[in-house]
Amino acid sequence: MPIYLLLLPILPLGSFILTFLFGKRLGRKAHWLPICAVLSCFGCAVMALLDVINGVTINTDLYSWISSGSFQVSVGFLLDELTAVMLIVVTSISTLVHIYSVGYMHDEPGYYRFFSYLSLFTFSMLMLVLGNNFAQLFFGWEAVGLSSYLLIGFYYEKESAANAGKKAFIVNRFGDFGFSLGIILVFLTFGTLHYDQVFAQAASITDQTFPVFGMVFDLPTLIALLLFCGAIGKSAQLPLHVWLPDAMEGPTPVSALIHAATMVTAGVFLVARCNPLFALSTTALNVVTMVGAVTCLFAATIALVQVDIKRVVAYSTVSQLAYMFMACGVGAYSAGIFHLFTHAYFKALLFLGCGSVIHAMSSEQDVRKMGGLKKYLPVTYWTFLLATLSISGIPGLAGFFSKDAILAAAFSSPIGAGKIAWFVGTLVAGMTAFYSFRLFFLTFHGTFRGTEEQRHHLHESPATMTVPLILLAVGAVSAGWFCIPPILGGHAPWISFLAPVLGEPGEHLGHATEWGLIATSVGAGLVGIATATLLYVIRPEIPDRLRDAWPKVHSWLFNKYSIDELYDGALVQPAIRFSRKVLLHVVDGKLIEGVVNGIPQAIGSFGERLRKIQNGQVHTYLSVMSTGALAVLIWMLVR
Amino acid sequence: MPGNYLPSEYTAVLVMLIFGLIFGGMTLWIGRFFRLRRPYAEKLTAYESGNPPSKSPRFPFSVKFYLVAILFVVFDVEAIFLYPWAVVYDDLGSFALIEMTIFIGLLLVGYIYAWKKGALKWDR
Amino acid sequence: MDTAPNFILTPLAPLAPELLLICLGLLLVVVDLFLGEKRHILPWLAALGTLTGLFLLGNGSGHFSDGLFGGMYILDAYSLFFKVICLIGVLFTVMLSVRYLDTEKMHQGEYYSLLVFAAVGMMVMVSAADMIVLYLGLELMALSVYCLVGLLKSDSRSNEAALKYFLMGAFSSGILLYGISLIYGMTGTTDLQLISQRLTELNLADNTLLFIALGMVLIAFSFKVAAAPFHMWAPDAYEGAPTPITAFMSVGPKAASFAVLGRILLSGFPELHVHWGPLIAGIALLTMATGNILAISQTNIKRMLAYSSIAHAGFALLGILATSNEGVSAIMNYMLIYAFMNMGAFAIIIMLNNRERRGEQLKDYRGLAQTNPVAAALMLIFMFSLTGIPPTAGFIGKFYLFLAAMNAGYTGTVIAAVILSAVSAYYYLRVVRYMYMYDSEKGEAVAMSPSLTAALIFAVIGVIGLGVAPGWVLEMASQSLPALAQ
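Residues numbered from 1 in each chain as written. Chains lettered and ligands numbered in written order. Predicted model: local features only at pLDDT ≥ 70, side-chain atom pairs only at ≥ 80, totals over all residues. Heavy atoms only, no water.

Caption draft 1: Looking closely at the overall build of chain C. What chain C contains, in helices and strands, is 20 helices and 2 strands. Taken against the 2.2 N^0.38 rule, which gives 23 Å for 486 residues, the C-alpha radius of gyration of chain C at 21 Å falls within 12% of a compact globule. C-alpha atoms of chain C, sized along the principal axes, occupy 70 × 55 × 40 Å. Residue burial in chain C is summarised as follows: out of 486 residues, 66% are buried. Here chain C has roughly 15700 Å² of accessible surface; of this, 67% comes from carbon and sulfur atoms. Across chain C, the 23 positively charged side chains and the 27 negatively charged ones have centroids separated by 11 Å. (Helix = DSSP H or I, 4+ residues; strand = E, 2+ residues; numbered from the N terminus. Rg over C-alpha atoms; globule rule 2.2 N^0.38 Å. Buried < 20%, exposed > 50% of the residue type's maximum accessible area, 1.4 Å probe, protein only. Areas by Shrake-Rupley, 256 points an atom, 1.4 Å probe, with all protein chains shown as cover. Lys, Arg positive; Asp, Glu negative; His and termini not counted. Charge placed at Lys NZ, Arg CZ, Asp CG, Glu CD.)

What follows is the structure, encoded as structure tokens:
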């Protein structure tokens, strides 16, 4: 096993431990170790990628953690094409975010804590993608969740941040519950947790069924959907998307790294990694596609009217993740991973650009109070523009190629939901272009709408922040060039590179259809941009008039379809009311007492009574011991 | 020697034990019939060379008494052990010398310890 | 005795670790007398000696022998494993003691000397193949520990604890001797291997008197490992003893006693498992229940850990119950893990011990996460490990114990053990709650010392390391076993 594979998780782990324990003494120098570690990781990832390109794939168990008969839990690494891509994404974005944070977090207390958490996250994410079995996947899955929780609640003095952390944690529990059931079911079915063994046997379970409480389920569908539950939670798809926008309470670099580029894409990675299992069930694939399509549209519409700069980008993330799921659902896993790859760069760039704006605006996040920032933040402006163009699908930029690949795959897919996915995808492409440019115009164009004090403080960010922006901009432009479709003169090396793991899409479209699809999606994007230009540059009074014309629609969207309120009203409040009214008042506290406190209390009071024996008197002790001895001897006598 | 093994070599010890018990008990019991028993108040007071007792005789001994007693026992045992050792010395040869040196060396450490700690000083 | 010449010819080289420690113990006593104010080198001397002992153990690991002193003393991988645990325990205790003795103003050379002698006693115990040698080691260990418990001379709790421990220890020693003499009376030997042979030769497998004898031996060792209902001494002795000694008692003597129990039951009386099995099951259940339930109502953390130690003895008994190599290797693994996690927890207690607060009350842990986040994080890890939450070592330890008992068919016992293990989460995590959920009453910084830091690092590496990569210990443990089970 090459040494870089071992170094990949060890470096960030070591950096986490050292920084967490001793970072306080380093003060403002605490970033050096994490940055060096993650940079070395990037080097390792590049070496891994080169090895994989040269045809080396590694699947090895480092050691067996628990082994008992057939139950084996190992720590091991799987390095293949998919892993290599994920490694590059994780380490490159992580490196840039680390560097960016030096500038962004400069004045924050707990500077060292922030960097140690970042290292912890990098470690967890690398464990997640490197694992060669489901147990390690689950470990990484929970560990990234933990570091995400810690980082969302980084400003833990702020109540909203602490609550957002908790919300992310709790909402993810729902998904993870299904996910862990799925893993258990995988073990029960295949008797192993190793990917290679599971996938090798996958075909053998077609048409098997699994009874649950008397109902009989199709086994492959059940496994795939349970695993998909985890993906829904982690990747913030409907109906568990509610935590991601709130997670924006965390520091912006965290939003870029965890809540845009890497952790939230773990769900897509999961589906892609388990593609042999998903392939067994058309039902599961249809569900994945439909969840993707609905989420995609849903999140994009909300993003249209949001005024918090980070929330717009957050909903855009949900919507883009949904694109990836649509791709996986229609069987175009490599297109999904491709979008994951390009999205990581342009979305991280958008977030870091937002961070730069927020930094300049003295922590203001409301776009209505911005405007005209172009002349104050030139670097941020130009990089943000590139990212916006990329996400809008302007030909030649990264977002165009990956989105186009997904739409083409959806259109040609034999899956029932494929055409729906294509339609939604194209529609949302236009909406994406619209809300992205809306954000762009509101922030950088027009006149400054903030306070005098804010205007006074406006400044371009330091080099530690602008350099990562520029590097990411390079990625946002060029990441797509790995998969230029044949029709545009490329030969899509991406698809053939990932084919050993993810397979190749079988359907091929005619040239005319393909041109048509490209034209449609680009057209949708252009219409979106044009509309945004019209509404926010040429005739800025129209949006207000539109809002006044359809107040219902606006408030509906603005309140995010009131999903949070729905959950609050339908689940959280009833739960609280139920426990208060029914349990506390009706049963007069006895039931709650009984259930929640009663058992420990009963044990406790039993203990109190037992404790009386322990009264400090030697003769009591000796008589208890003698009684015990007598009992033992009597047992021995009668046997 | 199946199942019901009796340590017959120890029968004599058992007989001795029984006889000892019987003899002790019998002596006390028989004495009751021959001794005079005429108690009165003065006779029941503690005898201290004719003086009436000034305080309770049950005062605690100084703990040092026990300390010295224990040290005495330790070194007494050492001395006693030297006798059988001397008897078999010729048979065992230099091995015996080494063993006894170690044994005495250990006790010597204990002796130094007790000395330095002041266990041998009565008033400190 | 016809074996007398063997005594003379016994080569002493394999005994180097034991001999070294005896010399170390004597040296410590003497050096202390002449050192005066330079006493602070004593712990370093003790630590150095113990480390050398560990080194010699490792060095001599190739030269096993099953017949020193006419077959009374054996050196095998099994005893080696437990000796290593004992010496690790001593090393930890020395590291924990430096600052504790400073704060308690308790400067006595006897302290380290007695500790080393206790270690020698434990080493003799685990190597003993003969009941008499076993008893010798046991008493050497026990007498040293009695004194150590009462060494806080000005603290009445400590005195009381020592006296109680001594009285009850004498009680159990008497029972043990009675049992040994009965076994000798039955079989005519005190050699464990021979006992096992004679059992079949003399057809004693149904002899009631033999069972009474075995029962007495079991009672005595149940006392030593603090298994209910013979645990009564433990909470008082643990609470009153100087804290490092409490830590030591819950690790060293306990491990040694389990080693002996394993050797006696599995090497001496394996055929009688049908009869002692249910008894051990009952004792294990009672022990787990008593320990875990009583720990809940404690507010003194030392006392809580005393009950927790009782509970853990109950878990470890499951390994004896399994009567298999799997079970014994699980115990060995568990004892090693327990040494690390318990020593770690005690290190934190000692760290919080200063003149004003003794770090023993649960409320002393309020807001520790704010005043000393590193200490709180470490305590969190140790508490997680004691509860048995992966990926800490405690999980691995319990997992294999439960598995061994399960495979031996004691499913009901294991289910009870799992439930009681869940109960234990309540009081362990309560400490965590105090550290993280409450505000500190007074934000005082905690003073550290190099040796305490070293102990904490050592412990946390052990807890995490054995939790993440547990394979090699188990492998070592199970490889050492064919020598034991005949």
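Caption draft 2: The arrangement of the overall build of chain A in detail. The secondary structure content of chain A amounts to 27 helices and 4 strands. The globule rule puts the C-alpha radius of gyration for 639 residues at 26 Å, and the 27 Å found for chain A is close to it. Principal axes of the C-alpha set define a box for chain A whose edges measure 100 × 60 × 55 Å. Buried positions account for 57% of the 639 residues belonging to chain A. For chain A, long-range pairs separated by at least 24 residues make up 79% of all intrachain contacts whose partners lie at least 6 apart in sequence. Of the roughly 25000 Å² that chain A leaves accessible, carbon and sulfur atoms contribute 68%. Once the 36 positive and 34 negative side-chain charges of chain A are each reduced to a mean point, those two points are 9 Å apart. (Contact = heavy atoms within 4.5 Å.)

Caption draft 3: Looking closely at empty space enclosed by the protein. Residues and elements named next belong to chain C. If you walk through the whole model with that rule in mind, you get 7 cavities of 30 Å³ or more. The calculated volume of the largest cavity comes to roughly 60 Å³. Every residue along the wall of the largest cavity is listed here: M141, Y165, K224, V225, A226, W233, Y238, M249, P253, K254 and S257. Put simply, the parts of the chain that give the lining of the largest cavity at least two residues each are α10 (233-240) and α11 (243-268). With 4 residues, the single largest contributor to the lining of the largest cavity is α11. Across the lining of the largest cavity, the residue classes tally to 8 nonpolar, 1 polar and 2 charged. (1 Å grid on protein atoms, 1.4 Å probe; cavity = no way out; pocket = protein on both sides within 12 Å on 5 of 7 lines; lining within 4 Å. Points joined across faces, edges and corners; volume = space filled by probe spheres on them. Nonpolar A, V, L, I, M, F, W, Y, C, P; charged D, E, K, R; others polar.)

Caption draft 4: Structural detail: the packing of helix α14 (residues 325-351) of chain C against helix α16 (residues 373-387) of chain C. Residue and element names in this part refer to chain C. Axis separation between α14 and α16 bottoms out at 9 Å; the angle between their running directions is 145 degrees. Once α14 is placed against α16, the crossing between them reads as left-handed. Residues Y338, M341, N342, G344, A345, I348 and M351 of α14 form the contact with α16, whose own contacting residues are A375, L378, M379, F382, M383, S385 and L386. Here the residues of the contact of α14 with α16 sort into 11 nonpolar, 3 polar and no charged. (Axes fitted to C-alpha atoms, helices over the stretch in contact; angles between N-to-C directions. Left-handed = near helix turned anticlockwise from the far one by under 90°.)

Caption draft 5: Inspection of the packing of helix α1 (residues 3-26) of chain A against helix α4 (residues 111-130) of chain A at higher detail. Residues and elements named next belong to chain A. The contact between α1 and α4 brings their axes to 8 Å, and the two run at 160 degrees. Relative to α4, the element α1 is oriented roughly antiparallel. Along this stretch, α1 crosses α4, giving a crossing that reads as left-handed. Judged by residue contacts, L5, L8, P9, P12, L13, S15, F16, T19, F20, G23 and K24 of α1 engage Y112, S116, Y117, S119, L120, T122, F123, L126, M127 and L130 from α4. Tallied by class, the residues present in the contact of α1 with α4 amount to 14 nonpolar, 6 polar and 1 charged. (Parallel < 35°, antiparallel > 145°, perpendicular 65-115°, else oblique.)

Caption draft 6: Representation of the packing of aromatic side chains within the structure. Residues and elements named next belong to chain A. Overall, the coordinates contain 45 aromatic pairs over all chains when judged by the stated rule. A ring pair is formed by W141 and F179, whose centres lie 4.6 Å apart and whose planes are at 40 degrees; its orientation type is tilted. With W141 in helix α5 (residues 134-152) and F179 in helix α6 (residues 159-190), this residue pair connects regions lying 38 residues apart in the sequence. With a relative accessible area of 0%, F179 lands in the buried category. (Phe/Tyr/Trp six-rings, centres within 6.5 Å; stacked < 30°, edge-to-face > 60°.)

Caption draft 7: Structural view of the interface of chain A and chain C. Across the contact, 33 residues belong to chain A and 49 residues belong to chain C. A buried area of about 3500 Å², summed over both sides, lies between chain A and chain C, and 76% of it is on carbon and sulfur atoms. On the chain A side of the interface with chain C, the three residues burying the most area are W65(A), M625(A) and R639(A), jointly 20% of the side's total. The interface formed by chain A and chain C holds 0 salt bridges in total. At the surface where chain A touches chain C, the tally comes to 2 residue pairs in polar contact (both at pLDDT 80 or more). (Buried area = accessible area lost by both parts, 1.4 Å probe. Salt bridge = Lys/Arg side-chain N within 4 Å of Asp/Glu carboxyl O. Polar contact = N/O pair within 3.5 Å; in protein donor to acceptor, adjacent residues only side chain to side chain.)

Caption draft 8: Inspection of helix α18 (residues 418-444) of chain A at higher detail. For α18(A), spanning 27 residues, the distance from its first C-alpha to its last is 38 Å, which sits close to the expected 39 Å at 1.5 Å a residue. Along α18(A), 23 of the 27 residues are buried, which leaves the element largely enclosed by surrounding structure. (Expected span 1.5 Å × (residues − 1).)

Caption draft 9: Expanded view of the nonpolar core. One finds I93(A), F134(A), L277(A), F278(A) and I337(A) to be the most contacted residues of the largest nonpolar core, which totals 212 residues. At 18 residues, helix α15 (residues 333-360) of chain A tops the list of elements feeding residues into this core. Leaving out residues up to four positions away in the same chain, F278(A) has contacts with A224(A), F228(A), V271(A), A284(A), L285(A), V288(A) and Y333(A). If you look at the next biggest cluster of nonpolar residues, it comprises 207 residues, including M636(A), V149(C), L204(C) and W233(C). (Core = buried A, V, L, I, M, F, W, Y, C linked by side-chain atoms within 4.5 Å.)

Caption draft 10: Structural detail: the arrangement of the chains. Between all 2 pairs of chains that are in contact, chains A and C come out with the most contacts. Chain A makes no contact with chain B; the smallest distance between any of their C-alpha atoms is 16 Å.

Caption draft 11: Summary view of the pattern of salt bridges. Residue and element names in this part refer to chain C. A complete count under the given rule lists 12 salt bridges over all chains for this structure. Its salt-bridge partner being R263, residue D76 comes within 3.2 Å of it at the nearest N-O pair. Separated by 187 residues along the polypeptide, D76 in the loop between β2 (73-75) and α4 (77-103) and R263 in helix α11 bring together distant segments of the chain. According to the relative accessible area criterion, D76 is buried, its value standing at 9%. In this structure, the salt-bridge partner of R157 is E239, at a minimum N-O distance of 3.1 Å. With R157 in helix α7 (residues 156-187) and E239 in helix α10, this pair connects stretches of sequence that are 82 residues apart. On the accessibility criterion, R157 (26% relative accessible area) is partly exposed. Residue classification places E239 among the buried residues on the basis of a relative accessible area of 16%.

Caption draft 12: The arrangement of a nonpolar patch on the surface in detail. On the surface, L14(B), L17(B), I18(B), L21(B), I22(B), M26(B), W29(B), I30(B), F33(B) and F34(B) cluster together into a nonpolar patch covering about 1100 Å² of accessible area. Looking at the secondary structure, you find I22(B) in helix α1 (residues 11-34). (Patch = residues over 30% accessible without salt bridge, like charges linked within 9 Å, V, L, I, M, F, W, Y side chains within 5 Å.)

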